[in-house]
2 protein chains.
Amino acid sequence: MSESAWQLLGDYLRETCLFGSIQSTLYWDQNTVMPSQGAAWRGEQLSLLAKHLHERKTSNQFQTLLQAAKEEFLVHVNSNKCDNDFLRDRSRNIELLEQDFYRQKKLDSSLVVQLAKAKAEGYNLWQQAKLTNDFNCFSPALKKLIGLRQEEANQLSEDRSCWETLAQPFEPDLSVKRLNQLFTPLREKLPELLKELVTLKTDEKSEWDLDIPSQEILCEQLLDNWKRNKNIIATARSPHPFSITLGPNDFRITTRIVKGQPLSSFLATAHEWGHSLYEQGLPSTAHQWFAWPLGQATSMGVHESQSLFWENKVARSFAFSKSFWTNFQKAGAPISSAVDLWKAMNPMIPGLNRVEADELSYGLHILIRTDLEIALLEQGLDVDDLPFEWNKKYKELLGLSPQNDTQGCLQDVHWSEGMFGYFPSYLLGHLISAQLTVSMEKDLGPIEDLIKTNQIVELIEWLRKNVHHYGRSLNAEELVKTVTGEELSPNYFIEYIIKKTQNLINI
Amino acid sequence: MSESAWQLLGDYLRETCLFGSIQSTLYWDQNTVMPSQGAAWRGEQLSLLAKHLHERKTSNQFQTLLQAAKEEFLVHVNSNKCDNDFLRDRSRNIELLEQDFYRQKKLDSSLVVQLAKAKAEGYNLWQQAKLTNDFNCFSPALKKLIGLRQEEANQLSEDRSCWETLAQPFEPDLSVKRLNQLFTPLREKLPELLKELVTLKTDEKSEWDLDIPSQEILCEQLLDNWKRNKNIIATARSPHPFSITLGPNDFRITTRIVKGQPLSSFLATAHEWGHSLYEQGLPSTAHQWFAWPLGQATSMGVHESQSLFWENKVARSFAFSKSFWTNFQKAGAPISSAVDLWKAMNPMIPGLNRVEADELSYGLHILIRTDLEIALLEQGLDVDDLPFEWNKKYKELLGLSPQNDTQGCLQDVHWSEGMFGYFPSYLLGHLISAQLTVSMEKDLGPIEDLIKTNQIVELIEWLRKNVHHYGRSLNAEELVKTVTGEELSPNYFIEYIIKKTQNLINI
């Protein structure tokens, strides 16, 4: 059986993938160690690679290789000589490659250039606007970005609405209708729960801090506790925490130290560990798959479900505090019991800031953004009315009013780069995580029992076996259905968050 | 005046340079933070870039651009409209570009591939051989490498001997005849001085150590003391210390911690600082020049002269110990006076190891290697006789005999990768450093006076103004002549080392 067309395509993808991972390495370096004045040259290196990668991904050579591989594949199908797994995997790889290729190919190159410029401008103006609390300085750039991205959706001409089209790269196959089904129950339930909690006044926010070396030691202890393999995972500090994969056996995790928030670096480490663990469990660890789409993460929602599992279900659990609080005591924190640490890990105070939000109010931040970005793209919401609408929704859902736009609609970076359709992934991650955890507990028993006795490997193995290895063979909803036997539902998250708030109230 | 051909060539060089600096960034990452199992994929990334860079550096497009720029330049010359500096710089750039281009172009691509393979094999076998003290396991690979590099010199067919041809990339225009003139006086004088020192028995090698955080703090204090600009210089740890330039304003320095050698990381930092300072002072800081050969370092000898200046003339000076010893005391070292630190910095104990050698015996290690590599390449020395010849020379010049080949001819990595012609640069660096320092002191007065009062900026400014900015416009010897008004001579180094040993004896 001749494999040549498939192999040639694989060779091509592999080289694209090598260049892509070089780009990621430069990004890692830029955010962890590069001296500030290296930025201009780094920008030129990254532009050069981006140009090179775009050429490779839209080249006639690639199209020809893809077509030949597809024809070869059809010969296999007709020959009836190959088993079903083989055919299913190849078929899905071709489908995804064609989808990605034509999505790139459909766009006018002039639009791509305009968008790149508008994103850079938008980001710069947003930084200024945020710093000076001047929304008007940013609004023309946002209008321009919305126009260009509407044009992008138009050129892609998919059988979807504009917002849906732009959300596809983050959540394949997601629709606004489905999103409403999932989010509507939260829109009712979360504010109710929030009121209960506020009435009971749990807001004893701690006032202590830890020095940088102590925080670094605690992060290392956490990763050691979770059996991190130093031969494949490196850590560093960066202005914003992230996890990134630089090769089949090269995973990186960062955290950041925030003054006055001694648990921030710790919880960011737990979060990024979850992202990295998902990438480690993808079928990409074999070189064979690293270059193929099937070996990639399926959606940002699934990615978030994995990071949130380790941050919220594990690190923020009472069982974890029981097993770990003495490390904080030794590091000099004013923590003298598991309860102390657990309460410090779970402040549950609604605020205006998404990134600092607790598990309960987090969802409300996302609902507001999701509504508003759909309104901006599809319902004619005027950019100039955005601050007013933002503040109105915060009052309605969280009972809070931003003092200014810096605390309000200027807080997040996403829209400044024209990134629409991403926000729901964060909340979908909470839902997916909750539902997957119920299945996990059916198999393994209560995870708190495993966490208490540090049987972390059991958790990792279950996630590897049941969740990670599917890659892009299933989309997020198909994955949930396959693992849990049920459609994705917001109920598991609601049950989880009710129980958690009750426990916190009753402690 | 149309500049198009020159600008097109510049654009091409700039893109080559961007790819080259990407390669360097991957190298930096590999040696500072990459987890060990990332090595295989990193190897593939580097091979891909190396292939891409080789293609760019030998392409017909490059040749055409170079030719057009040269023709355009000749029009300028004939027009008599441009000033001499302009013409001299352009002429030199063209000369260097053509030289580098035809050096690459003359080689058969099959030889290039064979060499790359033989280097990788040689390096692996050398590692094994060194570990197991088995020279025979490495000798066939060394024979092969010598044959291939002789063939390389043959294909380059320069008007030079084989060893000279291979030494050109490190020391442009160097000849064996000139090397003998410079090194012969050292061959006589250094062993004499060594005997005096050994008779006087100064070998009170210290037995203390410092923990890793303390060593890191001392290295940071050193760099702060020397006015390091954190916005352009980043530091890290790596298995072997190095300095590397990743962009016009992006410089990196590493050091390493060696157990039982508490000053190793500190002196390595001083050494790498000197390399980096030279790169920072090159005319490369303007983007315009970064891509052009004139903006590059002129030779490894000059590079070493700069690192050795900061390591030996500054950090190992008595004045420096006076100003810095309390930092060591505070770090917990058993140092209670400037003399204590100064003696610890200057052990002057002849040994079998080049890397650990003091300033006096260092040159002898180099003489031995230089003799032997010329003998291997040009005088028919059989590889199988190398261990015997090595040991004989150590007995003659240092009065010491290695116990085995691991301590002897297997100690250095250079030959395992077929790198011949590099070793003399280390000793040339000592000579150049000594001679430049005499000129510096004519201008600034005794540098010990400046070091004592921490007027480091004076030293930096003098080096920038008098040494660094020439780049490749002058070769090493021309540079020395320009700066000092005299031909390069070994006498300055001999005077310096006599004075230093006397001071150490008399303390």
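Here the structure is a predicted model, which is why all the values come from computation and not from measurement.

Rules used in this analysis
- Residues numbered from 1 in each chain as written.
- Chains lettered and ligands numbered in written order.
- Predicted model: local features only at pLDDT ≥ 70, side-chain atom pairs only at ≥ 80, totals over all residues.
- Heavy atoms only, no water.
- Helix = DSSP H or I, 4+ residues; strand = E, 2+ residues; numbered from the N terminus.
- Expected span 1.5 Å × (residues − 1).
- Buried < 20%, exposed > 50% of the residue type's maximum accessible area, 1.4 Å probe, protein only.
- Contact = heavy atoms within 4.5 Å.
- Axes fitted to C-alpha atoms, helices over the stretch in contact; angles between N-to-C directions.
- Parallel < 35°, antiparallel > 145°, perpendicular 65-115°, else oblique.
- Left-handed = near helix turned anticlockwise from the far one by under 90°.
- Nonpolar A, V, L, I, M, F, W, Y, C, P; charged D, E, K, R; others polar.
- Pairing = 2+ DSSP bridges.
- Core = buried A, V, L, I, M, F, W, Y, C linked by side-chain atoms within 4.5 Å.
- Buried area = accessible area lost by both parts, 1.4 Å probe.
- Salt bridge = Lys/Arg side-chain N within 4 Å of Asp/Glu carboxyl O.
- pLDDT = per-residue confidence, 0-100.
- Least-squares fit on C-alpha atoms with pLDDT ≥ 70 in both.
- Phe/Tyr/Trp six-rings, centres within 6.5 Å; stacked < 30°, edge-to-face > 60°.

## Quick word on helix α9 (residues 212-225) of chain A
Residue pairs spaced three or four apart in an α-helix point in one direction, given the helix's 3.6 residues per turn.
All names here are of chain A.
Reasoning step 1: The terminal C-alpha atoms of α9, which comprises 14 residues, lie 20 Å apart, in line with the 20 Å expected from a rise of 1.5 Å per residue.
Reasoning step 2: Listed as buried for α9 are S214, Q215, L218, C219, L222, L223 and N225.
Reasoning step 3: Summarising the contacts, the buried residues of α9 are in contact with β1 (233-237), β3 (250-255), α10 (264-281), α13 (318-330) and α19 (456-466).
Reasoning step 4: In the segment just after α9, K227 is the residue with positive phi, at about 65°.

## Some thoughts on the packing of α10(A) against helix α12 (residues 300-315) of chain A
All names here are of chain A.
Reasoning step 1: Two numbers describe how α10 lies on α12: the axes approach to 7 Å, and their chain directions differ by 135°. Judged by the angle between their axes, α10 and α12 are oblique. The hand of the α10/α12 crossing is right-handed. Here L267, A270, H271, W273, G274, H275, L277, Y278 and E279 of α10 lie close against α12, whose contacting residues are V302, H303, E304, Q306, S307, L308, W310, E311 and A315.
Reasoning step 2: Among the residues making up the contact of α10 with α12, the classes are represented as nine nonpolar, six polar and three charged.

## Looking at the sheet that holds β1(A)
All names here are of chain A.
Reasoning step 1: Strand order in this open sheet of three strands is β1-β3-β2, and the pairing throughout is mixed. Of all strands in the sheet, those bounded by a partner on one side alone are β1 and β2 (243-247). Shown here is a sheet whose adjacent strand axes are inclined to one another by a mean of 25°, direction ignored.
Reasoning step 2: By the bridge criterion, five bridges tie β1 to β3 in an arrangement that is parallel. Residue pairing for β3: R237 is matched across the bridge by T255.

## Looking at helix α21 (residues 491-506) of chain B
Reasoning step 1: Counted at 1.5 Å a residue, the expected span for α21(B) with its 16 residues is 22 Å, and the 22 Å between its end C-alpha atoms agrees.
Reasoning step 2: If you check which residues of α21(B) are buried, you get Y492(B), F493(B), I494(B), Y496(B), I497(B), K500(B), T501(B) and L504(B).

## Considering the nonpolar core
Reasoning step 1: Core analysis: the biggest nonpolar cluster contains 115 residues, and W226(A), W310(A), F328(A) and L459(A) have the highest contact counts within it.
Reasoning step 2: A per-element tally of this core places helix α15 (residues 359-378) of chain A first, with 11 residues.
Reasoning step 3: Excluding anything up to four places from it in sequence, F328(A) contacts L210(A), L218(A), L263(A), F266(A), A333(A), I335(A) and L341(A).
Reasoning step 4: Counting 114 residues, the second-largest nonpolar core is a separate cluster that includes L341(B), Y362(B), L386(B) and A434(B).

## Considering the interface of chain A and chain B
Reasoning step 1: On the side of chain B, 41 residues touch chain A, which itself brings 41 residues to the contact.
Reasoning step 2: For the pairing of chain A and chain B, the buried interface totals around 3,200 Å² over both sides, and the portion due to carbon and sulfur atoms is 64%.
Reasoning step 3: In this structure, the connection of chain A to chain B is made through four salt bridges.
Reasoning step 4: Between E44(B) and R14(A) there is a salt bridge, with its nearest N and O atoms 2.4 Å apart.
Reasoning step 5: Every element with two or more residues in the side of chain A that touches chain B is listed here: α1 (4-32), α2 (39-58), β1, β2, β3 and α11 (287-290) of chain A.
Reasoning step 6: For the side of chain A that touches chain B, the element with the most residues is α1(A), which contributes 11 residues.
Reasoning step 7: Taken together, the residues of the side of chain A that touches chain B break down into 19 nonpolar, 13 polar and nine charged.

## Section: the confidence of the model for chain A
Reasoning step 1: Of all residues in chain A, 97% have pLDDT values of 70 or greater, and the mean over the chain is 93.
Reasoning step 2: The complex prediction reports pTM at 0.93, with the ipTM value standing at 0.92.

## Let's talk about the relation of the copies chain A and chain B
Reasoning step 1: The two copies are related by a screw motion: chain A maps onto chain B through a turn of 180° and a shift of 0.0 Å along the axis, at an RMSD of 0.0 Å. Classification of the inter-copy transformation places it as that of a two-fold axis.
Reasoning step 2: Here 100% of the interface residues in chain A have copies in chain B that are interface residues too; the copies meet face to matching face.

## Topic: the packing of aromatic side chains
Reasoning step 1: Taken as a whole, this structure holds 56 aromatic pairs over all chains when the rule is applied.
Reasoning step 2: Ring geometry for Y123(A) and W126(A): centres 5.9 Å apart, planes at 35°, overall tilted. You can see Y123(A) and its partner W126(A) sitting in helix α5 (residues 109-132), three residues apart, about one turn around the helix.
Reasoning step 3: In this structure W126(A) comes out as buried when scored by relative accessible area, which is 9%.
Reasoning step 4: Ring plane angle 10° and centroid distance 5.4 Å describe the contact between Y12(B) and F62(B), whose orientation is recorded as stacked. Taken together, the residues span a long stretch of sequence, with Y12(B) in helix α1 (residues 4-32) and F62(B) in helix α3 (residues 60-79) at a distance of 50 residues.
Reasoning step 5: Under the relative-accessibility criterion, Y12(B) is labelled buried at 7%.

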